[in-house]
Amino acid sequence: MTGAQCMAAVIPVYNHEHAIGVVVDAVLRHDLHCVLVDDGCQAGCAAVLRQLAQHHAGRVTLLVHPHNRGKGAAVMTGLRHVAAAGYSHALQIDADGQHDAADIARFIGASAAAPLAVINGQPVYDQSVPRTRLYARYLTHVWVWINTLSLDIRDSMCGFRVYPVASTLGLIDSARIGQRMDFDTDILVRLHWRGLRVVNLPTRVRYPLDGVSHFKLWLDNVLISRMHARLFVGMLLRSPRLLWRRLRAR
């Protein structure tokens with residue numbers, strides 16, 4: 001199998017009916033099977049997803065959560081499906097069109113060159129991004145660097161990445177991973193703890209095509225704060241091993 005043949009795309013979807021068709025078309029141009037996870041969408045978006053799955057029968061699979069469970073839970077559902085279908089790798093991309101789908105080929109190539117690694121999108125923003133958004137992300141970056149005792153993860157919040165499926169599901173099955181907006185950071189730090197290499201791939205990020213954000217200011221900030229606290233405790237417990245790894249890498 002080639003890298004593309006072993007890889008499927010997983011797209012968690014929650015009420016992005018105006019952008020998801022563009023994203024799916026972009027993914028299919030790279031010959032990836034596309035797994036859409038309807039995370040409790042409203043009727044209008046659910047209908048669009050059904051139409052996409054019917055229109056691209058055999059190339060698009062639709063999975064449905066009856067109720068909204070969160071981005072992380074949707075990605076986990078997608079990962080389990082692609083594993084059962086025999087795929088070795090999963091490309092995660094957001095449903096709102098913020099990621100540059102033209103870079104999918106670069107992610108596939110990077111994964112083929114380092115099949116045991118996580119290929120992690122490192123956002124490149126233009127001048128239109130609000131300073132407050134960058135400052136908030138930088139705070140998470142600092143916590144991630146502390147919690148990994150390294151600078152190996154350049155950005156843990158980008159939802160554009162490639163996972164080696166077996167090792168990722170092995171982690172999910174043995175640890176409590178955040179199931180909402182805390183998922184992307186939580187799983188990446190824990191995969192790094194387990195020794196997986198993180199390859200950071202710069203990629204352009206723009207505002208969502210449909211202008212919709214599902215970040216819940218209070219809930220998600222509380223979940224992310226709790227996640228950082230848990231990870232900090234976990235780092236302290238693992239610090240001798242993490243430090244020894246850094247010394248050996250020199």
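Residues numbered from 1 in each chain as written. Predicted model: local features only at pLDDT ≥ 70, side-chain atom pairs only at ≥ 80, totals over all residues. Heavy atoms only, no water.

A. Quick peek at the overall build of the chain. Counting its secondary structure elements, the chain contains nine helices and seven strands. Expressed as a percentage of the 250 residues in the chain, the buried residues total 52%. Within the chain, contacts between residues at least 6 apart in sequence are counted, and of these 81% link residues at least 24 apart. In the form shown here, the chain has an accessible surface area of approximately 11,800 Å², with 59% of it arising from carbon and sulfur atoms. (Helix = DSSP H or I, 4+ residues; strand = E, 2+ residues; numbered from the N terminus. Buried < 20%, exposed > 50% of the residue type's maximum accessible area, 1.4 Å probe, protein only. Contact = heavy atoms within 4.5 Å. Areas by Shrake-Rupley, 256 points an atom, 1.4 Å probe, with all protein chains shown as cover.)

B. Focus on the sheet that holds strand 5 (residues 118–124). Spatially, seven strands are ordered 3-2-1-4-6-5-7 in an open sheet, and the strand pairing comes out mixed. Whereas interior strands pair on both sides, the edge strands pair on one side only; in this sheet they are strand 3 (60–65) and strand 7 (198–204). In this sheet, adjacent strand axes meet at a mean angle of 25 degrees when their direction is disregarded. Where strand 4 (residues 89–92) lies against strand 6 (residues 161–164), four bridges are found, and the strand directions are antiparallel. Residue pairing in the sheet places Leu-91 in a bridge with Val-162 of strand 6. Sitting on the sheet, helix 7 (residues 165–172) is in contact with strand 4 and strand 6, with an inclination near 80 degrees to strand 6. (Pairing = 2+ DSSP bridges. Axes fitted to C-alpha atoms, helices over the stretch in contact; angles between N-to-C directions.)

C. View of the pattern of salt bridges. All told, the structure shown has eight salt bridges when counted by the stated rule. Residue Asp-103 is joined to Arg-106 by a salt bridge in which the shortest nitrogen-to-oxygen separation is 3.2 Å. Note that Asp-186 and Arg-190 form a salt bridge whose closest N and O atoms lie 2.8 Å from each other. Of the two residues, Asp-186 and Arg-190 are both situated in helix 8 (residues 183–193); the distance of four residues between them amounts to about one turn of the helix. Residues Asp-186 and Arg-190 agree in their burial class; the two are buried. (Salt bridge = Lys/Arg side-chain N within 4 Å of Asp/Glu carboxyl O.)

Function cannot be read off these values alone, since they describe shape.
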